[in-house]
Amino acid sequence: MSKTAETEGALETRGIEQVPDHERTARTRELFPTWVGANISVLLLTMGASLVVAYHLNIWQALVVAVVAPVVSYGLVGLIGIAGKRGGAPGMALSRAVFGQRGNLLPGSLIWVARWGWETINAVTGAYAMLTILDIVLGVRANSVLDMVMLLAFVVATFAISGLGINAVQKCNKYATYLFGAFSVLVLGYLAVNTDWSKVLDHSAGSTAAVITGIGMIAAGGVSWIPSAPDFTRYLPRTASSKAIVGTAVGGAGVVVLPMVLMGAVMAVATPDLASAADPVSFLGEILPTWIAVPYLLIALIGMLLINAMSMYSAGFTAQTLGFKVPRHWAVSVNAVISLVFGGVLMLVATSFMGSFIAFLSLLAVAFSAWVGVFGADMLRRTEYDGAAMADTTRTSAYWYRGGFSPAAVAAWAAGLAGGLLFTTSDWFTGPLAQNNVIGEYGLGWVATIVISGLLYLALPKPAVPAPSARPAEAAETETDADAERVTAGA
């Protein structure tokens, strides 16, 4: 991320306010390591194993899942990211223009709560990674006290990175990308030499429904990043390429998701109980030799730190849009404490980590998708966002609409959320319409959520898009009609 007046220091102090045009000097290629870092997690290995063990897919079907899932989910991440360069503000701040100043509190609150679960899952996985390293290197066995110590260490490290701001996150992502790439090649080489490929290739194929459900499971992790996409594109100039924003999101995620899901699928053929292990990490110490397992776990640990740091970074903005009158880095601390408490409960009480994780993913995707459908549909008609109106939370705001609400956006969001849940199946919740139809059978509740909320929003009468406040002339001159057309086409 290019240095600006606000971000050249160690601590980023900018909150949800609109970034001035003269500070928006970032480049789209700098987004690539961001989306690489957002996916460096051993959970992808375990999910790849689940495709074979739980969904009964063969290696070729797992390949289809590993290719399609990041294209679908991070394609949406990239498309919503275009709003960041249009408005120069975080996603949940831009959302005020769509839902109204008060209406935005509804999806904002749900997304904030959903992030608690996502950050808890990642914190627990990071703690398990540290416990596995201690076991392999020093022979130290896990216990309840050590579990909590490792969890605390992980959460504190996450808070330190995310609290510093976007420069710290981007720099860490850049170096983690290089390290992860090098050691992934090493792991792939080891598996290529030591795998019984006849057993892998002879594995019978699963059903089409299982393939589509698997795509949804892998894609759910990417869906959780969609509302955060503008947080990482708001420093881009208005003239930044929309195609490049989408391409870096899909490419950055794809180079991680594809090999890791396939590695998990290959490992599962030799170790069928991988997907049902007590924790999602310790199996690496059994499958890989120590000289590979330890550095690979260390790199994966860094990756999980960065994933949680990015999530908490965005959560700080969400907290501010909900009315927390504190600086962004202190707003981050709220999520840090919550993930510590929930993580402790999961490590000490839950009997099946992976079962809890997959159940959580299915509901997480629906929670985020209702916002995605409405916000994405609104992008088809809105190419600019009024920074002054976003910051003004009183009745004088151009985004006050009717009593602080945009009735069309709120109604479409609520209908999409309810409709998606009706078709969703998980270990925790099963909707009444989840059986005996393609949507429920194929695990497409989150897709139904996007379609219902988006189409309903387009159909309902909406408030007129207010003209944005005049911005500096030099910024206005840089945005040509041709670029505006490219943006609309990209959306």
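Residues numbered from 1 in each chain as written. Predicted model: local features only at pLDDT ≥ 70, side-chain atom pairs only at ≥ 80, totals over all residues. Heavy atoms only, no water.

### Structural notes on the overall build of the protein chain
Consideration 1: The secondary structure content of the protein chain amounts to 21 helices and zero strands.
Consideration 2: A buried classification covers 58% of the 491 residues belonging to the protein chain.
Consideration 3: When contacts within the protein chain are restricted to residue pairs at least 6 apart in sequence, those whose partners lie at least 24 apart make up 87%.
Consideration 4: Summed over its atoms, the accessible surface of the protein chain is roughly 18200 Å², and 67% of this surface lies on carbon and sulfur atoms. (Helix = DSSP H or I, 4+ residues; strand = E, 2+ residues; numbered from the N terminus. Buried < 20%, exposed > 50% of the residue type's maximum accessible area, 1.4 Å probe, protein only. Contact = heavy atoms within 4.5 Å. Areas by Shrake-Rupley, 256 points an atom, 1.4 Å probe, with all protein chains shown as cover.)

### Structural notes on the pattern of salt bridges
Close approach of charged atoms allows side chains with opposite charge to pair.
Consideration 1: By the definition in use, this model includes five salt bridges.
Consideration 2: The residue D378 makes a salt bridge to R381 at a minimum N-O spacing of 3.2 Å.
Consideration 3: Relative accessible area serves as the criterion here: at 32%, R381 is assigned to the partly exposed category.
Consideration 4: R382 is the salt-bridge partner of D378, the closest N and O atoms lying 2.7 Å from each other.
Consideration 5: Using a relative accessible area of 0% as the deciding quantity, one classes D378 as buried.
Consideration 6: Connected through salt bridges with shared partners, the residues D21, R24 and R238 form a single ionic network. (Salt bridge = Lys/Arg side-chain N within 4 Å of Asp/Glu carboxyl O.)

### Concerning the packing of aromatic side chains
Consideration 1: Counting across every chain of the model gives six aromatic pairs.
Consideration 2: Ring centres of W371 and F375 lie 4.5 Å apart, and the angle between their planes is 15 degrees; on these two criteria the pair is classed as stacked. One end of the pair, W371, and the other, F375, are both in helix α15 (residues 353-379), four residues apart, so they sit about a helical turn from each other.
Consideration 3: Judged by its relative accessible area of 0%, W371 falls in the buried class.
Consideration 4: F375 gets classed as buried once you look at its relative accessible area, which sits at 0%. (Phe/Tyr/Trp six-rings, centres within 6.5 Å; stacked < 30°, edge-to-face > 60°.)

### Regarding the nonpolar core
What tends to happen in soluble globular proteins is that the nonpolar side chains get buried as a cluster.
Consideration 1: One finds W35, I218, W225, F375 and Y385 to be the most contacted residues of the largest nonpolar core, which totals 133 residues.
Consideration 2: Those residues in contact with F375, other than ones at most four positions away along the chain, are I80, A83, G91, L94, S95, V98 and Y385.
Consideration 3: By size, the runner-up hydrophobic cluster in this structure holds five residues, among which are W116, A319, L322 and I338. (Core = buried A, V, L, I, M, F, W, Y, C linked by side-chain atoms within 4.5 Å.)

### Description of unusual backbone geometry
Consideration 1: A positive phi angle, close to 60 degrees, is found at H56, a residue other than glycine.
Consideration 2: Relative to the assigned elements, H56 resides in the loop between α2 (43-53) and α3 (59-87).
Consideration 3: The backbone of Y401 sits at a positive phi, close to 55 degrees, despite the residue not being glycine.
Consideration 4: Inspection of the secondary structure puts Y401 in the loop between α16 (387-391) and α17 (407-422).

### Comments concerning the environment of P33
Consideration 1: With respect to the helices and strands, P33 occurs in helix α1 (residues 32-37).
Consideration 2: With 145 residues separating them along the chain, P33 and Y178 place their C-alpha atoms 9.1 Å apart.

### A look at the side chain of K85
Consideration 1: Looking at the secondary structure, you find K85 in helix α3.
Consideration 2: Judged by its relative accessible area of 1%, K85 is buried.
Consideration 3: A polar contact is formed between the side chain of K85 and the backbone oxygen of A240, at a distance of 2.5 Å. (Polar contact = N/O pair within 3.5 Å; in protein donor to acceptor, adjacent residues only side chain to side chain.)

### What to know about the confidence of the model for the protein chain
Consideration 1: In the predicted model, the protein chain carries a mean pLDDT of 80, and 81% of its residues have values of at least 70.
Consideration 2: The least confident element of the protein chain, judged by mean pLDDT, is helix α20 (residues 473-478) at 37; the most confident is α3 at 95.
Consideration 3: Across residues 1-10, where pLDDT falls below 50, the model places 31 contacts with residues more than four positions away in sequence or in other chains.
Consideration 4: Note that pLDDT drops below 50 for residues 471-491; the model gives that stretch 29 contacts with residues more than four away or on any other chain. (pLDDT = per-residue confidence, 0-100.)

### Re helix α5 (residues 105-138)
Consideration 1: With 34 residues, α5 extends 48 Å from end C-alpha to end C-alpha; this agrees with the ideal 50 Å at 1.5 Å per step.
Consideration 2: With respect to burial, α5 is a largely interior element, 24 of its 34 residues being buried. (Expected span 1.5 Å × (residues − 1).)

### As for a nonpolar patch on the surface
Consideration 1: A contiguous nonpolar patch, built from W60, L63, V67, V71, W197 and L201 and spanning about 550 Å² of accessible area, is present on the exposed surface.
Consideration 2: Looking at the nonpolar patch, the elements that each hand over two or more residues are α3 and α8 (197-201).
Consideration 3: Broken down by element, the residue count for the nonpolar patch peaks at four residues, all from α3.
Consideration 4: Positionally, V67 belongs in helix α3. (Patch = residues over 30% accessible without salt bridge, like charges linked within 9 Å, V, L, I, M, F, W, Y side chains within 5 Å.)

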